[in-house]
Amino acid sequence: MRDTHFRRLLLVGLTLAVGVTASPAAANAASCAPGAPGLGDRLFPLLGNGGYDVQDYELRLTYPEKDPAHSVSGDVRIAAVATQKLSRFNLDFAGGNPASIDVDGKPANFSRVGEELVITPRVALNKGRGFTVTVKGFTAVPETPDPAAPDGFTATPDGTALLGQPAAAHRLFPSNDHPADKATYTITTDVPEGWTGTASGVPTVTRTGGGRVVSTYRQAQPMATELLQVAAGDFVVRERQQVGRVRVRDVVPRRLAAQTLPMFDSEREQIAWMEQQVGPYPFDTYGSLLIDVQLGTALETQTLSVYDSTVLAAPTPVVESVMAHELAHQWYGNSVAPATWSDVWLNESHATWYELLWAEKIGAVAEHTGSPSREAFFQRVYANSDSWRAQFGPVARPKSAEQLFDLFNINVYYGGALALYALEQQLGEPKFQQLERAWASAYRGKSASTDDFIALASRTAGRDLKPFLTAWLYGTETPPMPGHPDWVTMQNPAPMTGQHLSR
Ligand code: ARG
Ligand code: ZN
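Conventions and cut-offs
- Residues numbered from 1 in each chain as written.
- Chains lettered and ligands numbered in written order.
- Predicted model: local features only at pLDDT ≥ 70, side-chain atom pairs only at ≥ 80, totals over all residues.
- Heavy atoms only, no water.
- Helix = DSSP H or I, 4+ residues; strand = E, 2+ residues; numbered from the N terminus.
- Contact = heavy atoms within 4.5 Å.
- Donors = N, O, S within 2.8 Å, 3.2 Å for Na, K, Ca; no water.
- Buried < 20%, exposed > 50% of the residue type's maximum accessible area, 1.4 Å probe, protein only.
- 1 Å grid on protein atoms, 1.4 Å probe; cavity = no way out; pocket = protein on both sides within 12 Å on 5 of 7 lines; lining within 4 Å.
- Points joined across faces, edges and corners; volume = space filled by probe spheres on them.
- Nonpolar A, V, L, I, M, F, W, Y, C, P; charged D, E, K, R; others polar.
- Salt bridge = Lys/Arg side-chain N within 4 Å of Asp/Glu carboxyl O.
- Phe/Tyr/Trp six-rings, centres within 6.5 Å; stacked < 30°, edge-to-face > 60°.
- Lys NZ or Arg CZ within 6 Å of the ring centre and 35° of its normal.
- Axes fitted to C-alpha atoms, helices over the stretch in contact; angles between N-to-C directions.
- Parallel < 35°, antiparallel > 145°, perpendicular 65-115°, else oblique.
- Left-handed = near helix turned anticlockwise from the far one by under 90°.
- Pairing = 2+ DSSP bridges.

(A) Quick peek at the side chain of Thr260. Structurally, Thr260 can be placed in helix H3 (residues 257-260). Not counting residues within four places of it along the chain, the set of residues in contact with Thr260 comprises Val252 and Leu290.

Shown next, in the form of structure tokens:
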């Protein structure tokens, strides 16, 4: 499910690809061509694939042993629509090669080039045609957690979890691994009895027999690959009382259940609070997953945010503020996903915004940020902003995504939130709140870009905010802060640390 904005980018990419391969057969190539190996994301050129649009994933994972380090095997059935006449197409995949690949039930040839599965169906797929590709018997090996790179198909003492953001979901399963192509999911885990498999979405069926437990989850609203959670191990799933129509459950290691479940007690109140601020929760269920590793990370996996032990070791008000951050992502980042990875500030700025509002609501801004008030915090961010822009690139154009924290850098989080603060100063609080709600509802279930945000902000304000927001989002220098002419940037500001850098 790709939005029109991204289709435009795709067309540019295809035009280039066709240009490069131009030959006497060019006319034919233009009508029937291989799908591009990537969607042309500025920061991850090979992520995602051209030529088709995924509608639905049916993913099945088998965990042979109660051993978090043991490799898993899987099958995935992908329903897609061809967006060009396709002679062949790719899936992103970095695990162990599959046993077979079928297209519409017929065996297809495939090969592996780097992190791409290159699939050639028996007959070319016509543009606009729906097709299914079934990949059987692929494998993936759980990875040892690395705090410098807290992503991947992660082994923990109790089982495995998925930290797919931004580009690691395809280390577990073959997919179109880019948030521009969202799809619905059915996820089935097949685990030894005594283990529990859980995933994004709501449970449908569980069958126990022959020493195995097979559980199926359905994620009915579109989801980006990077946001899939699938965890299996010695976990317990604990239901809480619903919040309206939202089912709430937490997932924690069995041996830590008694001491850790109460840490998520503020969850239900936070859901109600967010709904009041920005509108209805966009999915059917929410909750928290605890993994007992020391990555210093939390991640907004869809309907089931994940926290590690390091994050939960912080003082309660800090943990709660991080929880508000991950919950806010369900609207900003998940329901409305980024069109490209340069747009990730759209995720992190809003999540930081509600994190700070929650901290303020519970009287914990000083404890959480080291500044006495939200305004004082933003003044400090402002002081740092020029040097962060120099180091990491402008808010909406990060310089690099080579390392995880090049992309998830402090300027995307705090600099992004500062841009929202400037916008709120400019519009006034009521209009700003109207924009926040309008963004979540207009792009619900879709992928949206910085241009989309600028356009909606302008429509909401009733005037052209392009010059104002372009300066804030793409400028190498920080614009003056509306309402605070005394705020200055500093050459050598006292460095701000972020627990936020790891979230
Ligand atoms: N988006 C996450 C957050 O701010 C942090 C990203 C870190 N990525 C990861 N795979 N751990 O909540
Ligand atoms: Zn975040």
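Next, the rest of the story.
(B) Here's a closer look at the coordination of the zinc ion (ligand 2). The protein atoms donating to the zinc ion (ligand 2) are His325 (NE2), His329 (NE2) and Glu348 (OE), with metal-donor distances spanning 1.9 to 2.0 Å. Of note, the zinc ion (ligand 2) draws all its donor residues from one chain, in the sequence arrangement H-x3-H-x18-E. With His329 in helix H6 (residues 316-331) and Glu348 in helix H7 (residues 345-361), this residue pair connects regions lying 19 residues apart in the sequence. Across this residue pair, the class does not change: His329 and Glu348 are buried.

(C) Quick look at empty space enclosed by the protein. For the structure on display, the rule yields three cavities of 30 Å³ or more. Counted as a void, the second largest cavity has a volume near 40 Å³. Lining the second largest cavity we find Tyr332, Gly333, Val336, Ala337, Pro338, Leu346, Asn347, Trp439 and Ala448. Those elements that place two or more of their residues in the lining of the second largest cavity are strand E22 (337-338) and H7. Across the lining of the second largest cavity, the residue classes tally to seven nonpolar, two polar and no charged.

(D) Broad picture of the pattern of salt bridges. Counting across every chain of the model gives 16 salt bridges. Here Asp190 ties to Arg212 by a salt bridge, and the two come within 2.7 Å at their closest N and O atoms. Taken together, the residues span a long stretch of sequence, with Asp190 in strand E11 (residues 183-192) and Arg212 in strand E14 (residues 212-223) at a distance of 22 residues. It is possible to trace a salt-bridge network through shared partners that takes in Arg240, Asp250, Asp265 and Glu267.

(E) Representation of the packing of aromatic side chains. Counting across every chain of the model gives 26 aromatic pairs. Taken together, Trp353, Phe377, Phe378, Tyr382, Trp388, Tyr414, Tyr421, Phe432, Trp472 and Trp487 form an aromatic cluster joined through their ring pairs. Sitting over the ring of Trp353, Arg374 keeps its end group 5.3 Å from the ring centre.

(F) Layout of the packing of helix H11 (residues 410-427) against helix H12 (residues 429-442). Across the interface, H11 lies against H12 with an axial gap of 6 Å and an inter-helix angle of 125°. Regarding the angle of H11 to H12, the classification is oblique. Crossing handedness for the pair H11 and H12: right-handed. Contacts between H11 and H12 involve Leu420, Leu423, Glu424 and Leu427 on the former and, on the latter, Glu429, Lys431, Phe432 and Leu435.

(G) The arrangement of the sheet that holds strand E7 (residues 116-120) in detail. Strand order in the open sheet made by the three strands is E3-E7-E6, with antiparallel pairing throughout. The outermost strands of the open sheet, each flanked by one partner alone, are strand E3 (89-92) and strand E6 (109-113). Neighbour-to-neighbour, the strand axes of the sheet open up by a mean angle of 25°, direction not taken into account. Judged from the four bridges that link them, E3 and E7 form a sheet pairing that is antiparallel. Paired with Asn90 across the bridge in E7 is Val118.

(H) Quick peek at the layout of surface pockets. A volume near 350 Å³ is recorded for the second largest pocket. Along the walls of the second largest pocket sit 18 residues, with Phe44, Glu115, Ala167, His170 and Arg171 positioned nearest its centre. Tallied by class, residues from the lining of the second largest pocket come to ten nonpolar, two polar and six charged.

(I) Broad picture of the environment of Lys85. Take Lys85: it is sitting in the loop between strand E2 (72-82) and E3. As a C-alpha pair, Lys85 and Asn126 span 41 residues in sequence and 4.5 Å in three-dimensional space. The contact partners of Lys85, leaving out residues within four places of it in the chain, are Ser31, Cys32, Ala33, Ala124, Leu125, Asn126 and Lys127.

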